[in-house]
Amino acid sequence: MSYKDRKSFIADLKPVYKAATEQSALSALDEFESKWSSKYMLGVKSWRDNWNEISTMSNTRLKSENSFIRPTQLRTTTVNCAKQQRQKVH
């Protein structure tokens, strides 16, 4: 992932992991996917492929923290996706 896209990518994920309900998170994920899937297919795909785990973890966390996913988990996911994308290209 290019450095210039990183902030926008993460900012566009914010409505997904800050959503109050799973329905609104899925809607935000759809918007995120439509914007970024052409450029960072693996990053978007990893959110879709792991949605059951992400949403299960978040259901418990929503009650106590009122956030969908922790920022540190988001950074880790984003960095891992970027590494996979680079490996696939090279």
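The preceding data block contains the structure.
What counts and how
- Residues numbered from 1 in each chain as written.
- Predicted model: local features only at pLDDT ≥ 70, side-chain atom pairs only at ≥ 80, totals over all residues.
- Heavy atoms only, no water.
- Core = buried A, V, L, I, M, F, W, Y, C linked by side-chain atoms within 4.5 Å.
- Buried < 20%, exposed > 50% of the residue type's maximum accessible area, 1.4 Å probe, protein only.
- Helix = DSSP H or I, 4+ residues; strand = E, 2+ residues; numbered from the N terminus.
- Contact = heavy atoms within 4.5 Å.
- Axes fitted to C-alpha atoms, helices over the stretch in contact; angles between N-to-C directions.
- Parallel < 35°, antiparallel > 145°, perpendicular 65-115°, else oblique.
- Nonpolar A, V, L, I, M, F, W, Y, C, P; charged D, E, K, R; others polar.

Enquirer: Kindly report on the nonpolar core, identifying the contributing residues and their values.
Expert: Within the largest apolar cluster, 16 residues are counted, with the highest numbers of intra-cluster contacts made by Phe 9, Leu 13, Val 16 and Phe 32. Contributing elements (two or more residues each) for this core: α1 (3–17), α2 (22–36), α3 (41–49) and α4 (51–65). Broken down by element, this core gets its largest block of residues, five residues, from α2. Those residues in contact with Phe 32 that sit more than four places away from it in its chain are Phe 9, Asp 12, Leu 13, Ser 37 and Val 44.

Enquirer: Describe the packing of α1 against α2, listing the residues and the values that go with them.
Expert: Between α1 and α2, the least distance of the axes is 7 Å, while the angle of their chain directions is 155°. In terms of their interaxial angle, α1 and α2 are classed as roughly antiparallel. Every residue of α2 that contacts α1 at Asp 5, Ser 8, Phe 9, Asp 12, Leu 13, Pro 15 and Val 16 is listed here: Ala 25, Ala 28, Leu 29, Phe 32, Lys 35 and Trp 36. Class assignment of the residues belonging to the contact of α1 with α2 gives a composition of nine nonpolar, one polar and three charged.

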